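Here's the letter readout for the chains.
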Amino acid sequence: ACTGIENIDEAITLLEQNNWDLVAAINGVIPQENGILQSEYGVETLHGPAYGPTSHSTAASSTPSSSSAFRHVVPSRQIVERQPRMLDFRVEYRDRNVDVVLEDSSTVGDIKHILENELQIPASKMLLKGWKTGDVDDSTVLKSLHLPKNNSLYVLTPDLPPPSSSHSGALQESLNQTFMLIVTHREVQREYNLNFSGSSTIQEVKRNVYDLTSIPVRHQLWEGWPSSATDDSMTLAVSGLTFPCHRLTVGRRSSPVQTREQSEEQCTDVHMVSDSDGDDFEDATEFGVDDGEMFGVASSALRKSPMMPENAENEGDALLQFTAEFSSRYGDCHPVYFIGSLEAAFQEAFYGKARDRKLLAIYLHHDESVLTNVFCSQMLCAESIVSYLSQNFITWAWDMTKEANRARFLTMCTRHFGSVVAQTIRTQKTDQFPLFLIIMGKRSSNEVLNVIQGNTTVDELMMRLMAAMEIFSAQQQEDIKDEDEREARENVKREQDEAYRISLEADRAKREAQEREMAEQFRLEQIRKEQEEEREAIRLSLEQSLPPEPKEESTESVSKLRIRTPSGEFFERRFLASSKLQVVFDFVASKGYPWEEYKLLGTFPRRDVTQLDPNKSLLEVKLYPQETLFLEAKE
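About the criteria used
Residues numbered from 1 in each chain as written. Predicted model: local features only at pLDDT ≥ 70, side-chain atom pairs only at ≥ 80, totals over all residues. Heavy atoms only, no water. Helix = DSSP H or I, 4+ residues; strand = E, 2+ residues; numbered from the N terminus. Buried < 20%, exposed > 50% of the residue type's maximum accessible area, 1.4 Å probe, protein only. Contact = heavy atoms within 4.5 Å. Areas by Shrake-Rupley, 256 points an atom, 1.4 Å probe, with all protein chains shown as cover. Pairing = 2+ DSSP bridges. Axes fitted to C-alpha atoms, helices over the stretch in contact; angles between N-to-C directions. Arc of directions from axis to C-beta. Phe/Tyr/Trp six-rings, centres within 6.5 Å; stacked < 30°, edge-to-face > 60°. Lys NZ or Arg CZ within 6 Å of the ring centre and 35° of its normal. Patch = residues over 30% accessible without salt bridge, like charges linked within 9 Å, V, L, I, M, F, W, Y side chains within 5 Å. Salt bridge = Lys/Arg side-chain N within 4 Å of Asp/Glu carboxyl O. pLDDT = per-residue confidence, 0-100.

**Regarding the overall build of the protein chain**
Part 1: Check the secondary structure of the protein chain and you find 15 helices and 19 strands.
Part 2: Within the protein chain, the fraction of its 635 residues that count as buried is 39%.
Part 3: The long-range fraction of contacts in the protein chain, counting pairs at least 24 apart against all pairs at least 6 apart in sequence, stands at 63%.
Part 4: Working note: accessible area of the protein chain is about 36300 Å², and carbon and sulfur atoms make up 50% of it.

**Structural notes on the sheet that holds strand S7 (residues 178–185)**
Strands in a sheet are paired, the pairing made by backbone hydrogen bonds, and the direction either parallel or antiparallel.
Part 1: In space, the four strands of this open sheet follow the order S8-S7-S10-S9, with mixed pairing throughout. In this open sheet, the two strands that pair with only one neighbour each are strand S8 (190–197) and strand S9 (220–223). Recorded for the sheet is a direction-independent mean angle of 30 degrees between the axes of neighbouring strands.
Part 2: When S7 meets S8, the two strands line up antiparallel, connected through eight bridges. Each residue of the ladder has a partner; that of Thr-184, found in S8, is Glu-191.

**Here's the deal with helix H9 (residues 342–350)**
Part 1: The complete set of buried residues in H9 reads Leu-342, Ala-345, Phe-346, Ala-349 and Phe-350. The buried residues of H9 all sit within an arc of 105 degrees when viewed along its axis, so they share a single face.
Part 2: Residues of H9 that are buried sit in contact with helix H8 (315–330), strand S11 (359–365), strand S12 (393–399), helix H12 (403–417), strand S13 (435–441) and strand S14 (446–452).

**Thoughts on the packing of aromatic side chains**
Part 1: Counted under the stated rule, the structure contains 22 aromatic pairs.
Part 2: A centroid spacing of 5.6 Å and a plane angle of 20 degrees characterise the contact between Phe-346 and Phe-350, whose relative ring orientation is stacked. Of this pair, Phe-346 and Phe-350 both sit in helix H9, four residues apart, roughly one helical turn.
Part 3: Look at Phe-346 and you get buried, because its relative accessible area is 3%.
Part 4: Residue Phe-350 is classed as buried on the basis of its relative accessible area of 7%.
Part 5: Taking 5.5 Å as the distance between ring centres and 70 degrees as the angle between the ring planes, the aromatic pair formed by Phe-571 and Phe-587 counts as edge-to-face. Of this pair, Phe-571 sits in strand S16 (residues 570–576) while Phe-587 sits in helix H15 (residues 581–590); the two residues are 16 residues apart in sequence, bridging distant segments of the chain. Note on accessibility: Phe-571 and Phe-587 belong to one class, buried.
Part 6: Put simply, the rings of Phe-322, Phe-326, Tyr-330, Tyr-337, Tyr-363, Phe-375 and Phe-436 touch in pairs and so form one group of aromatic residues.
Part 7: Directly above the aromatic system of Phe-570 lies the positively charged group of Arg-562, at a separation of 4.0 Å from the ring centroid.

**Here we look at a nonpolar patch on the surface**
Part 1: A cluster of nonpolar side chains, contributed by Ile-8, Ile-12 and Trp-20, occupies part of the molecular surface with about 270 Å² of accessible area.
Part 2: Considering the arrangement of structural elements, one finds Ile-12 in helix H1 (residues 8–17).

**So, the confidence of the model for the protein chain**
Part 1: Here the protein chain shows a mean pLDDT of 79. Residues at 70 or above account for 81%.
Part 2: Here residues 32–80 scores under 50 on pLDDT; set against residues more than four positions off or in separate chains, the count is 79 contacts.
Part 3: Counted against residues more than four places away or in other chains, residues 256–303, with its pLDDT under 50, gives 64 contacts.

**Things to note about the sheet that holds strand S6 (residues 150–156)**
Part 1: Strand order in the open sheet formed by four strands is S4-S3-S6-S5, with mixed pairing between adjacent strands. Every other strand in the sheet has two partners, leaving strand S4 (96–103) and strand S5 (127–129) as the edge strands with one partner each. Strand after strand, the sheet turns through a mean of 30 degrees between neighbouring axes, direction not considered.
Part 2: When strand S3 (residues 86–93) meets S6, the two strands line up parallel, connected through five bridges. Along S6, the bridge assignment pairs Asp-88 with Asn-150.

**So, the side chain of Thr-201**
Part 1: Structurally, Thr-201 is set in the loop between S8 and helix H5 (202–213).
Part 2: Residue contacts for Thr-201: discarding those within four places in its chain leaves Gly-130, Tyr-154, Asp-232, Ser-233, Met-234, Thr-235 and Leu-236.

**Examining the pairing of S7**
Part 1: In terms of residue burial, S7 counts as a mostly covered element, since six of its eight residues are buried.
Part 2: The antiparallel hairpin formed by S7 and S8 contains four residues in its connecting segment, where Gln-189 sits at a positive phi of about 55 degrees.

**What about the pattern of salt bridges?**
Part 1: What the rule picks out here adds up to 30 salt bridges.
Part 2: Here Lys-353 and Glu-487 are joined by a salt bridge, their closest N and O atoms 3.1 Å apart. Placement of Lys-353 in the loop between H9 and S11 and of Glu-487 in helix H14 (residues 458–545) is noted, with a sequence separation of 134 residues between them.
Part 3: Taking the shortest distance from any N to any O, the salt bridge between Arg-355 and Asp-484 comes out at 3.0 Å. Residue Arg-355 is located in the loop between H9 and S11, and its partner Asp-484 is located in helix H14; the two are separated by 129 residues in the primary sequence.
Part 4: Note on Asp-484: relative accessible area 31%, which makes it partly exposed.
Part 5: A single salt-bridge network, built from bridges that share partners, covers Glu-325, Arg-329 and Asp-367.

Shown next, in the form of structure tokens:
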């Protein structure tokens, strides 16, 4: 309002150049004759035109206002060119310290190239550590890391042999050692035994303690750090801790707002008060302005129902309240939030058919951020954004205002996205919220495509959503192609399996038919054998029961019979003329021609002998003294 500067990055740069002194930053932008000066009572406007659409007074009252710490001044419209921001780095390598000064537009690789000349170490062999935002690569631009002006880093060279000096060897050994920190939480009288490697930084220790105690780094009050631990970026190996065990005590600062004298007094002991790295926006009441008055809203109007209950057992119920509260605050035109757990949102977005998959958008809300209301009402509820999200995204939301809910989401984030993403979200400042995470599901893991902060515009938000959608569409086309090829292979395999099954069925049916046929043949063969055996037994019995054949010189009357078989063979036998015709039938049957199957025929006259009375003698049936008969099978 005073300077006409609307670009947040430019405003932050000006504040950092003036060590976050608001009056000095404004005086640096506005010429002194139209600027504001600091008096012993407050902030006064001097020789500047009064703020207003029609007022053109050349002087303003110098009486300090009781309702505001400063008065609005419209400067003469001038273009403020942004000067390059210089960053100072002190880099520690073994027993050497190298000072590097670079513009914030430089990259991490530029630092390594300077160190390569100073330390005579190849840049490819360096591991540059001490970044407060996690590991970075050589292409990372320093501006994107939001670093303070003064920074401390250290170089590790694990691929190079250690130097011969005992000091460097001891330092390297200390970096590899494990320190046990016994941290006592003063308020609850509880001890934590934490193990850290010597290469860990003091800042990493404080962030881990934040996870355990829920005391933000900026509110931690420490006792027990050695006097040599003057910077949170120092490693434990060089901080002067007692090895292998060191005791520390942590508590919460009694008041987040301190007077200038209190701040200066506490800052003299860096071991007692945690360095917040400039990541906290101090309460506006330090400048005599209430939050509600600053934005023209009564403080009571900002006291709203929480978006999400604290320690909610069921994520679905929590999101139902979130959706209802969001609608009551910003209207019904808003993204359709997925009601359910984060795992269920993953299932809905990533694990269907490739053509049905969508991106997952995670909206992280924070009521204490000054950007939240503008982001929600003007961007998240814009019809174009709502429509685009509903068509291409599954949108899931979470409220990060309460510490318990924040810790719960960070746990979920670590489980699903890894510790790097969780650490990135953990280090986000309150005034960088709300956050919009764009997640794309992959075969083996879930990838965070983009993290959109609250200080954006509708057009920029839409462009970033569309850029994420382009990446997702390319991946989706590959997935669809792979899925189609996989389905084609599976169809071919199913057809082959079906053909093979039908072939097996046919072979089994054929085999069963052959087995049945063989079994029937075997059964018939058994019957035939049994019949033959039975017939043979009958034949032998008949043969044994026949009377002996009379001799030719017998004195009794003898009848000689000559019998022709169907095959043309003849067999002859003599019978007593007094023998019964049944004896002839038994004789013929003993030769394999039972009279039930064959008939015995006479020649002259032609007659069927089997039709005669078998009890009559051969003489009575005129088969004496000799006769020729032939056998014929019965029909």
